[in-house]
Amino acid sequence: QAIWLQASCLPQSAARRLIERMGACPSKAELAERPFWEASHTLNFDRELQTRQRLLISHLKSTLKLCAVNIVHYSIQTLHFFITDGSYTMEFGDAALTDRNFRFYASGPRDPVVFREFALTEDVQRRLQLVCGATNFSLPLRNSEHMATFIQSGSGSVAKWLVALLCSTH
């Protein structure tokens, strides 16, 4: 209540910014993401998208890069991660956060930060097979960094979701 009383003396826009910063009101980012937090915390899949994307794996070059670009989402600066071979890009969600699916497409020009180069091994190909067609991106729960790290190394939260999913279907 003290926060509301103190904020009520400020102009409305200033009071709202103060309260949002202090956590008394949900931010725009939180309001936009909340429906995805309340959804199942497993990966969901679009089987038609999965089939189309899996066909592209054989077109990849032998060296891949784990990359990121800076994005601003609701005034929050963050990195959007993706994998590329220079010709194709694989990413979970898009940098504008309007597409919440795993995306696999012919690359356009970008100026990313390259974190690591790695080989397109059989293990990497298997992990790509597993994540093709994934949906239900969520900025804090199932994001581009989680997906790119899983593809590159096989570790992270995506591995846990896939194990849970595979165990529940057998």
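Provided above is the structure to which this section pertains.
Residues numbered from 1 in each chain as written. Predicted model: local features only at pLDDT ≥ 70, side-chain atom pairs only at ≥ 80, totals over all residues. Heavy atoms only, no water.

Student: Tell me what's going on with the side chain of Thr84, and back it up with residues and numbers.
Tutor: Mapped onto the secondary structure, Thr84 falls in strand E3 (residues 76-84). Assessed through its relative accessible area of 10%, Thr84 is described here as buried. At a separation of 3.0 Å, a polar atom in the side chain of Thr84 contacts the main-chain amide nitrogen of Gly86. Of the polar contacts made by the side chain of Thr84, one reaches the backbone oxygen of Tyr88; its length is 2.8 Å. (Helix = DSSP H or I, 4+ residues; strand = E, 2+ residues; numbered from the N terminus. Buried < 20%, exposed > 50% of the residue type's maximum accessible area, 1.4 Å probe, protein only. Polar contact = N/O pair within 3.5 Å; in protein donor to acceptor, adjacent residues only side chain to side chain.)

Student: If you had to explain the sheet that holds strand E6 (residues 113-119) to someone new, which residues and values would you point to?
Tutor: Taken together, five strands build an open sheet; the order of strands is E5-E4-E3-E2-E6 and the sheet is antiparallel. Across the chains shown, the open sheet's two edge strands, defined by having one partner strand only, are strand E5 (102-106) and E6. Adjacent strand axes in the sheet meet at a mean angle of 25 degrees when their direction is disregarded. Where strand E4 (residues 88-92) and E5 come together, five bridges link them in antiparallel fashion. The residue of E5 that forms the bridge with Met90 is Phe104. (Pairing = 2+ DSSP bridges. Axes fitted to C-alpha atoms, helices over the stretch in contact; angles between N-to-C directions.)

Student: Help me get a handle on helix H6 (residues 144-153), residues and values and all.
Tutor: Taken together, the buried positions of H6 are Ser144, Met147, Ala148, Phe150, Ile151 and Gln152. A positive phi of about 85 degrees marks Gly154, the residue just after H6.

Student: Account for the pattern of salt bridges, with residues named and values stated.
Tutor: A side chain of one charge can pair with a side chain of the opposite charge when the charged atoms of the two come close. If you walk through the whole model with that rule in mind, you get three salt bridges. Close ionic contact of Arg52 with Glu48 constitutes a salt bridge, the shortest N to O distance being 3.2 Å. Taken together, the residues span about one helical turn, with Arg52 and Glu48 both in helix H4 (residues 47-54) at a distance of four residues. By relative accessible area, Arg52 is classed as partly exposed at 46%. What makes Glu48 exposed here is its relative accessible area of 59%. (Salt bridge = Lys/Arg side-chain N within 4 Å of Asp/Glu carboxyl O.)

Student: With reference to specific residues and values, describe a nonpolar patch on the surface.
Tutor: Together, Leu79, Val113 and Phe115 give the surface a local cluster of nonpolar side chains, amounting to about 240 Å² of exposed area. Turning to its location among the elements, Leu79 is positioned in strand E3. (Patch = residues over 30% accessible without salt bridge, like charges linked within 9 Å, V, L, I, M, F, W, Y side chains within 5 Å. Areas by Shrake-Rupley, 256 points an atom, 1.4 Å probe, with all protein chains shown as cover.)

Student: Now, about the packing of aromatic side chains: what can you tell me, with residues and values included?
Tutor: Any pair of aromatic rings gets described here by the distance separating the centres and the angle formed by the planes. Applying the stated criterion across every chain, the model contains three aromatic pairs. Aromatic side chains Phe92 and Phe137 sit 5.6 Å apart centroid to centroid with 70 degrees between the ring planes, which places their arrangement in the edge-to-face category. Taken together, the positions of Phe92 in strand E4 and Phe137 in the loop between strand E7 (134-135) and H6 put the pair 45 residues apart, joining distant regions of the chain. A single burial state applies to Phe92 and to Phe137, both of which are buried. (Phe/Tyr/Trp six-rings, centres within 6.5 Å; stacked < 30°, edge-to-face > 60°.)

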